[in-house]
Amino acid sequence: QPDNETNTGWILRVDNALANAFARQKEWRLALVTLDHMLEHLPTNDDNNDDDPITAAAYRVEIYSRQGRLFLQAGAVAE
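Here's what I pulled together on the structure shown here.

Calculation criteria
All residue numbers refer to positions counted from 1 along the written sequence of the respective chain. Per-residue local features are limited, in this predicted model, to residues with pLDDT of at least 70; the limit for side-chain atom pairs, both in listing and counting, is 80 or more; totals at the level of whole chains, interfaces and linings are taken over all residues. With hydrogens and water set aside, each side-chain value is computed from the structure's full complement of heavy atoms. Helix and strand definitions here come from DSSP, where helices need a minimum of 4 consecutive H or I residues and strands a minimum of 2 consecutive E residues; each element is numbered from the N-terminal end. Exposure classes here rest on a 1.4 Å probe applied to the protein chains alone. A residue is buried below 20% of its type maximum, exposed above 50%, and partly exposed in between. Note on definitions: a residue-residue contact is assigned when non-hydrogen atoms from the two residues lie within 4.5 Å. To measure how exposed things are, a 1.4 Å probe is used in the Shrake-Rupley method; for residues, cover is taken only from the protein chains shown. Put simply, buried Ala, Val, Leu, Ile, Met, Phe, Trp, Tyr and Cys residues joined by side-chain atoms within 4.5 Å make one nonpolar core. In this analysis, the expected span of each helix is defined as 1.5 Å times one less than the number of residues it contains. Here, the arc refers to the directions that run from the helix axis to the C-beta atoms. Between N-to-C directions, angles span 0 to 180 degrees; the directions come from axes that are lines fitted to C-alpha atoms, helices contributing only their stretch in contact. Oblique is the label for any angle not covered by the other classes, which are roughly parallel (under 35 degrees), roughly antiparallel (over 145) and roughly perpendicular (65 to 115).

With that out of the way, let us pick up the overall build of the protein chain. The helix and strand tally for the protein chain stands at three helices and zero strands. When the helices and strands of the protein chain are read in sequence order from the N terminus, they spell out α-α-α. Burial analysis of the protein chain (79 residues in total) assigns 22% to the buried set. For the protein chain, long-range pairs separated by at least 24 residues make up 52% of all intrachain contacts whose partners lie at least 6 apart in sequence. Accessible surface computed for the protein chain: about 5,900 Å², of which carbon and sulfur atoms make up 52%.

Residues Leu12, Ala19, Ala31, Leu32, Leu35, Met38, Leu39, Leu42, Ile63 and Leu70 constitute the largest nonpolar core, which totals ten residues. Of all elements in the fold, only helix H1 (2-24), helix H2 (28-41) and helix H3 (53-74) reach the threshold of two or more residues within this core. Here this core takes five residues from H2, the largest share from any one element. Dropping the residues within four chain positions of it, alanine 19 is found in contact with Ala31, Thr34, Leu35 and Arg66.

Here we come to H2. The terminal C-alpha atoms of H2 lie 20 Å apart, and with 14 residues this matches the ideal 20 Å at 1.5 Å per residue to within 8%. If you check which residues of H2 are buried, you get Ala31, Leu32, Thr34, Leu35, Met38 and Leu39. For H2, the arc enclosing every buried residue in end-on projection is 160 degrees, short of the 170-degree limit, so these residues lie on one face. Those residues of H2 that are exposed and aimed more than 90 degrees away from the buried face are Arg29, Val33 and Glu40.

We now examine the environment of alanine 21. Tracing the backbone through its elements, the reader meets alanine 21 in helix H1. A relative accessible area of 28% means that alanine 21 is categorised as partly exposed. The sequence separation of alanine 21 and alanine 31 amounts to ten residues, and the corresponding C-alpha distance is 8.0 Å.

A few words now on unusual backbone geometry. Of note, the phi angle at lysine 26 is positive, near 60 degrees, even though the residue is not glycine. Within the fold, lysine 26 resides in the loop between H1 and H2. Given the relative accessible area of 60%, lysine 26 is considered exposed.

The next thing to look at is the packing of H2 against H3. For the pair H2 and H3, the least separation of the axes is 10 Å and the interaxial angle reads 170 degrees. Here H2 lies roughly antiparallel to H3, going by the angle between them. On H3, the residues touching Trp28, Ala31, Leu32, Leu35, Asp36, Met38 and Leu39 of H2 are Arg60, Ile63, Tyr64, Arg66, Gln67, Leu70, Phe71, Gln73 and Ala74.

Printed below as a string of structure tokens:
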């Protein structure tokens, strides 16, 4: 189990850096796909982990917010 958590941590950090880089380069689709990948790798309450469910929910909300900002920047959503 600890190895899986370590791998997940690295995956999330790399995906975060990639999403930031893609957004700076205005590669909206790549940034959105990377954020989706982050959502897939976030721990869930079903994983029987010791993480606070509120913290896990906050991470998800932050990623959804970033996706929304990307849609606004790409012009896919009116302000």
